[in-house]
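Chain by chain, the residues run as shown.
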Amino acid sequence: MKAHGQFHGAYQVDVIKRAPPQNTFGGRAYVVPGQGGAFPGMFAEQLTTVEAFRQRFAQADRLSRNFDLHPISFYLTRPGALPADKIHIYRNCAIYVAEVALGEYLREQGLGADCITAHSFGECAGLVLSGMVDFETMFAIVVQRNILAPPANQLGFMVAVSGSEAALAPYLAIPGVYFANRNSLKQSVLSVSAAAGEELQKRLRDQRVPHVVLQQLPQPYHSPLMQDFRRTLHERLSQMTIKVTAPSTPIFSGVLHQWITADNYQKIDFVDLVARQATEKVDFVEQLQALSEKGMNAFYEVGPGQMLETSIKAVLNHKDLVYRDSDSLLRQLLGKAKASTENHEKLANTKWFHKIKASIQAVAGYKADEIDITQSFQNDLGLDSIKKAEILFRIIDEEKLTSSTDFSIAQLNTIYQAVEYLENYTASSDPLRVTHETETNLMETFWRADPRTGHYVLDKGAESFEVLRPVMDKVQNDFFTIATTFVQETLARHRRPLLVLESADSSFDPEAFLSDIHARYSLFNAT
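Conventions adopted
- Residues numbered from 1 in each chain as written.
- Predicted model: local features only at pLDDT ≥ 70, side-chain atom pairs only at ≥ 80, totals over all residues.
- Heavy atoms only, no water.
- Helix = DSSP H or I, 4+ residues; strand = E, 2+ residues; numbered from the N terminus.
- Buried < 20%, exposed > 50% of the residue type's maximum accessible area, 1.4 Å probe, protein only.
- Contact = heavy atoms within 4.5 Å.
- Pairing = 2+ DSSP bridges.
- Axes fitted to C-alpha atoms, helices over the stretch in contact; angles between N-to-C directions.
- pLDDT = per-residue confidence, 0-100.
- Polar contact = N/O pair within 3.5 Å; in protein donor to acceptor, adjacent residues only side chain to side chain.
- Parallel < 35°, antiparallel > 145°, perpendicular 65-115°, else oblique.
- Left-handed = near helix turned anticlockwise from the far one by under 90°.
- Nonpolar A, V, L, I, M, F, W, Y, C, P; charged D, E, K, R; others polar.
- Salt bridge = Lys/Arg side-chain N within 4 Å of Asp/Glu carboxyl O.

Peer 1: Explain the overall build of the protein to me, please; I cannot follow it from the model alone.
Peer 2: A count of helices and strands for the protein gives 21 helices and 16 strands. Within the protein, the proportion of its 527 residues that are buried is 55%. For the protein, the proportion of contacts with a sequence separation of at least 24, taken over those separated by at least 6, is 75%.

See below:
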């Protein structure tokens, strides 16, 4: 085993002996992520192009009136219209609806699952996709779950940490700190009370243990800290009429740590299952191993982004593993992987294609004849979002381009899409610059992190580079040197806020901010 780069702290390797598959169900599994992957605007395009999304969000919008809520679809189309103090309700309802719609759409297109599992809150959608409970009933449960929850972070919060449960034992000895999630063999999540949070973080910093506070998760889930909430939720759900039916697709429950099938579902206390999710530890390694033992080798992530990819590939590390994220599946099914031959030929003859080829050669070292307009930056060329952004911004800077629309690096997945976008740019004598509006946006920018890896990225949704690069250029000539300090994986995978810049003061000092961030978080390069 070889390691490259700078590392801090310690790491360990766990070896697991797997039993050969028994009683196999088949080969394809749906893996449904939790609430941490949700972000405003997710699946907005599918809301207008995919009937399954239209129908489910229309149904959710009607149901939301029963709870005096705005339309749930606003989280996709008009997130700014939603009340900030209730945004967690809309976020969780929206990701629940989207995950159900996505799973149903995949099934309609002949990509159904042989079995299902889910990470944390994702089990709500997973149970619906299994056929065990209907969409409307679970929607009401999700709303109640969020309405009854304590104010955000009143009880505490969650911290993603590099290390196994055994390695983290000294920190678990702190009163108010609990082991919550085993996401992979070397990445865990702790739940911590509000009173114990400062001491835990100090010890982790002192020992140079990579960690990140998961600010998008407002409760210390999967721990005894949620016991009172579990009882309150159980009491409320016991008053509901909930019809449970035999699952048509087996589901491995992360709450019960067992399979639920048509043979045993009647033995399951459904209300207890849903309420217990608040306090039960997540053992995602166990869940993935259970699927693997049933013969699963294709894992489709039924949710936004690639939240679970690293865990799946780390735990199930074998040559036959197939992982597909929702973006690639939707592109395939909607016919967006490639444009028409006519458009390809037309754009391949533009100066922008030749500019991109030259930029790829300069940045990544490819030869001209190795680059084709149909290729994906990441899947075909192995270029992450940092490299992709560097390639495109070289052209934008050289050509002194400005755009009349929002520039989203994350949406340009193929060379064709990038060439097509550049064709629509309007030439200008002024370089791309931070306008008054984007300077305001900058103050709302998140530092985002993937808790599984400890990698960090400057990201405000899909608008990170166009907002931040010009400002960072004032601090240091090469913005990407700074960015690379904090990110190793694609921007599309990072949807968890770490720090929020709340000040709108025009005297904001990017250099001081960067120095502070680097001093406090540079250790997260180690994974």
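Peer 1: Sorry, what's going on with the sheet that holds strand S3 (residues 156–162) here?
Peer 2: Strand pairs in the sheet, formed through backbone hydrogen bonds, run parallel or antiparallel to each other. The strand order S6-S3-S5-S4-S9 describes an open sheet built from 5 strands, whose pairing is mixed. Two strands close off the open sheet at either side, each with one partner strand: strand S6 (211–213) and strand S9 (282–283). Pairing between strand S4 (residues 177–182) and S9: 2 bridges, direction parallel. From the neighbouring strand, Arg182 faces S9, where its bridge partner is Asp283. Sitting on the sheet, helix H8 (residues 197–206) touches S3, S4, strand S5 (187–193) and S6, and the angle it makes with S3 is about 15 degrees.

Peer 1: Help me understand the sheet that holds strand S7 (residues 251–253) in this model?
Peer 2: Here we have 6 strands laid out as an open sheet, ordered S8-S7-S2-S1-S10-S11, and mixed in their pairing. Taken across any chain shown, the strands that pair with only one partner, and hence form the sheet edges, are strand S8 (258–260) and strand S11 (322–324). Each neighbouring strand pair of the sheet contributes to a mean axis angle of 25 degrees, computed without reference to strand direction. Looking at chain direction, strand S2 (residues 115–118) and S7 are connected through 2 bridges and run parallel. Looking at S7, one finds that Ile116 is bridged to Ile251.

Peer 1: Help me understand the pairing of strand S10 (residues 298–301), please; the structure alone is not making it clear to me.
Peer 2: Where a strand is regular, its side chains alternate between the two sheet faces. Neither face of S10 is open: one carries Ala298 and Tyr300, the other Phe299 and Glu301, and all of them are buried. Here strand S1 (residues 28–32) runs beside S10; their pairing, made up of 4 bridges, is parallel. By the bridge assignment for S10, Tyr30 is matched with Tyr300. Bridge count for S10 against S11 is 3 bridges, and the pairing is parallel. For Phe299, the partnering residue across the bridge sits in S11 and is Tyr323.

Peer 1: Got a minute to help me understand the confidence of the model for the protein in this structure?
Peer 2: Detailed reading of predicted coordinates is not advised where the pLDDT is low. Within the protein, residue pLDDT values average 76, and 71% of them lie at 70 or more. Here residues 426–508 is modelled with pLDDT under 50, and outside its nearest four sequence neighbours on either side it reaches 204 contacts, counting other chains as well. Of the regions scoring below 50 in pLDDT, residues 513–527 engages in 35 contacts with residues more than four places distant in sequence or in other chains.

Peer 1: Help me understand the side chain of Gln219 in this model?
Peer 2: Along the chain, Gln219 falls in the loop between S6 and helix H9 (227–238). A relative accessible area of 2% means that Gln219 is categorised as buried. Of the polar contacts made by the side chain of Gln219, one reaches the backbone oxygen of Pro150; its length is 2.7 Å. Apart from the residues within four sequence positions on either side, Gln219 is in contact with Ala149, Pro150, Pro151, Ala152, Leu155, Gly156, Met158 and Met226.

Peer 1: It is not clear to me how the packing of helix H2 (residues 51–64) against helix H6 (residues 135–147) should be interpreted in this structure. Could you clarify?
Peer 2: Between H2 and H6, the shortest axis-to-axis distance is 11 Å and the interhelical angle comes to 50 degrees. By the criterion of interaxial angle, the relationship of H2 to H6 is oblique. Relative to H6, the crossing made by H2 is right-handed. Where H2 approaches H6, its residues Arg56, Gln59, Ala60, Leu63 and Ser64 are matched on the opposing element by Phe135, Glu136 and Phe139. When its residues are assigned to classes, the contact of H2 with H6 shows 4 nonpolar, 2 polar and 2 charged.

Peer 1: Whenever I open this one, the pattern of salt bridges confuses me. Can you help?
Peer 2: Once their charged atoms are close, side chains differing in charge can pair, the charge on each being opposite to the other. Counted according to the given criterion, the structure contains 10 salt bridges. For Arg182, the salt bridge identified is with Asp283, shortest N-O distance 3.0 Å. With Arg182 in strand S4 and Asp283 in strand S9, the pair connects residues that are 101 residues apart, well separated along the chain. The exposure class of Arg182 is partly exposed, given its relative accessible area of 26%.

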